[in-house]
Amino acid sequence: MVFSSNIFLLFFLPIFLLAYFVTPERFRNYTLLLFSLAFYAYGAPDFLFVLIGSCVVNFYMVKWMEKTSKPKAKKLICGLSVVLSLSLLLYFKYANFLVENLNAILGFLHRPAVGWVKVALPIGISFFTFQSLTYAIDVYRGTTVSSRKLSDYVLYIMMFPQLIAGPIVRYNSVAQQIVSRQSDLEDRMTGFYRFVIGLAKKVLISNVLAGIADEAFALNADLSTAAAWLGMLSYTLQIYFDFSGYSDMAIGLGKMMGFRFPENFMNPYTSRSITEFWRRWHITLGTFMKEYLYIPLGGNRRGSGRTYLNLIIVFLCSGFWHGASWNFVIWGAYHGLFQIFERLGMAKVLDKMGKLPSVLLTFLIVNLGWVLFRADNLSQAFGFYKALFAFSSGSMLTLTPRFWFIFALALLFSFITLLKKGQALQDKIFADSYSAKLSWIMFVLVAVLFVLSVGSLLVTDFNPFIYFRF
């Protein structure tokens, strides 16, 4: 089950909200946990007990670690907890990749291949793992205390608004909210508004752009150069509105219940450098990589050479986290190299270029990187790059007035903060405060967007969230 489906919008969500708000406050966590388990079981029932079992083991291991007074024993137990979490991720997400590459090497050496039954990928395993890791490490570091109740910990890990595709929520940021929280009419209204805006970004914008992006990458090297550039731009906008739309929905659902989930996007395509882009894109992932990998590796405290090595390691891991494919590894290295280039002087060049030129150049670099991200394999990626720079005629795309309207709208919303008063307009749309003056305007806008989104889902093919496979 996903947010952008009519079974969720018309059945699951209304029933959940009714059940949640009629439940006495002290029992609401149990209602939320029950519906979260049902939400996950609907899409991946075979993996539900694996994840629950992992939660139970991790909960008691961290409790044991917290009670241990000996530093070495504490470190050992923390290490075991981390290994448990990573082992699940490595097995389910990377076992197929590792065996396929091993068999490729064995084939090159004229040795028999290893027999293997492909492992299915549980949805949300990456986000599940990251939250398990932050919990254990933060308790080990002493930045938070462990959860008092097993049910509260399982709720933190498996809460349905952010279980499948984030944002990544650190336990210490919601620990108190899990125990006690309040949501008044203002929270419920602004939360619902945020949810519907995210739904519209996904259904009314991203899904339309997805059709052209899919067509472009299917035609690949046969595309004309103009069509290839349009296809690449379509995917660039698609992935932003897809992923940021999901984050908006998760944040909105959380707010309706009194949770404050962290923001995950801040107009990333208006960045003036790749470094800035990663401060604005998938913010919770960037924070995780910084706090739990980059800084422990030494960060920038051990000289330039070590800093560059740490950056490459972090972005290689970030790329590999996104998918078990060499495409993603190279995509991560691509962004890591640009981080290094900026530290070697590129940042000063971008700064001297002025705001608009530096934004456009950064946007171009990001676009070219998304080709690696979207392509099914390296061969397809290289074919697409060939089409981009061949400057030749070829197959065209099926373009409609609806596509052009949505494409223009997506560009406008992506760069709205560059416009005069654009930031103020966006702040009003995503305001955290409920304004009586804007209430009727927002109510009408949200009602229209909701009806259009549901109607679109009824008459068009369903397009799942891009980040569900990560």
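Every value quoted in this text rests on a predicted model; they were computed, and no experiment measured them.

Q: Any chance you could explain the overall build of the protein chain here in plain terms?
A: Regarding its fold elements, the protein chain presents 19 helices and zero strands. The C-alpha radius of gyration of the protein chain comes to 23 Å, within 12% of the 23 Å expected for a compact globule of 470 residues. Projected onto the principal axes, the alpha-carbon positions of the protein chain cover approximately 65 × 65 × 50 Å. The buried share of the protein chain, taken over its 470 residues, is 54%. Restricting the contact set of the protein chain to residue pairs at least 6 apart, pairs at least 24 apart contribute 77%. When the accessible surface of the protein chain is summed, it comes to about 21300 Å², and 68% of that surface belongs to carbon and sulfur atoms.

Q: Hey, could you run me through the pattern of salt bridges in this one?
A: Two side chains of opposite charge can pair, provided their charged atoms sit close to one another. By the definition in use, this model includes ten salt bridges. Close ionic contact of Arg260 with Asp187 constitutes a salt bridge, the shortest N to O distance being 3.0 Å. Of this pair, Arg260 sits in the loop between α10 (225-257) and α11 (274-280) while Asp187 sits in helix α9 (residues 185-219); the two residues are 73 residues apart in sequence, bridging distant segments of the chain. Among the residues examined, Asp187 registers a relative accessible area of 9% and is labelled buried. A salt bridge links Asp242 to Lys202; its shortest N-O distance comes to 2.8 Å. Within this pair, whereas Asp242 is found in helix α10, its partner Lys202 is found in helix α9, the two being separated by 40 residues in sequence. Accessibility assignment for this pair places Asp242 and Lys202 in one class, buried. The structure contains a network of salt bridges with shared partners spanning Arg194, Lys201, Asp248 and Glu263.

Q: Could you clarify how one ought to interpret the nonpolar core in this entry?
A: In terms of nonpolar packing, the biggest core is built from 143 residues, with Phe8, Phe16, Met158, Tyr269, Trp281 and Trp370 touching the most fellow members. The element best represented in this core is α10, accounting for 17 residues. Mapping this core onto the domain boundaries places at least three of its residues in each of domain 1 (6-181) and domain 2 (187-272 + 354-416). With sequence-adjacent residues up to four places away left out, Phe16 is seen in contact with Leu32, Phe35, Phe160 and Met257.

Q: What exactly am I supposed to notice about helix α15 (residues 355-374) here?
A: Three or four residues apart is the spacing at which side chains of an α-helix point the same way, because the helix has 3.6 residues per turn. Here α15 contains 20 residues, and its C-alpha end-to-end distance of 28 Å stays within 8% of the 28 Å for a straight helix at 1.5 Å per residue. Of all 20 residues in α15, 14 are buried, a share of seventy percent or more.

Q: I'm lost on the environment of Ser358 in this one. Help?
A: Locating Ser358 in the fold gives a position in helix α15. Look at Ser358 and you get buried, because its relative accessible area is 0%. For the pair formed by Ser358 and Thr270, sequence separation is 88 residues and the distance between their alpha carbons is 9.3 Å. Polar side-chain contacts of Ser358 include one of 2.7 Å to the backbone oxygen of Gly354.

Q: Sorry, what's going on with the domain arrangement of the protein chain here?
A: Accessible area lost when the parts come together is the quantity often used to give the size of an interface. Assigned domains within the protein chain: domain 1 (6-181) and domain 2 (187-272 + 354-416). A straight line from the C-alpha centre of domain 1 to that of domain 2 covers 29 Å. With 23 residues of domain 1 in contact, the opposing surface of domain 2 contributes 15 residues. For the pair domain 1 and domain 2, the two sides together bury roughly 1700 Å², of which 78% comes from carbon and sulfur. Inspection of the region where domain 1 meets domain 2 yields zero salt bridges. Inspection of the region where domain 1 meets domain 2 yields four residue pairs in polar contact (both at pLDDT 80 or more).

What counts and how
Residues numbered from 1 in each chain as written. Predicted model: local features only at pLDDT ≥ 70, side-chain atom pairs only at ≥ 80, totals over all residues. Heavy atoms only, no water. Helix = DSSP H or I, 4+ residues; strand = E, 2+ residues; numbered from the N terminus. Rg over C-alpha atoms; globule rule 2.2 N^0.38 Å. Buried < 20%, exposed > 50% of the residue type's maximum accessible area, 1.4 Å probe, protein only. Contact = heavy atoms within 4.5 Å. Areas by Shrake-Rupley, 256 points an atom, 1.4 Å probe, with all protein chains shown as cover. Salt bridge = Lys/Arg side-chain N within 4 Å of Asp/Glu carboxyl O. Core = buried A, V, L, I, M, F, W, Y, C linked by side-chain atoms within 4.5 Å. Domains from an automatic or database assignment. Expected span 1.5 Å × (residues − 1). Polar contact = N/O pair within 3.5 Å; in protein donor to acceptor, adjacent residues only side chain to side chain. Buried area = accessible area lost by both parts, 1.4 Å probe.

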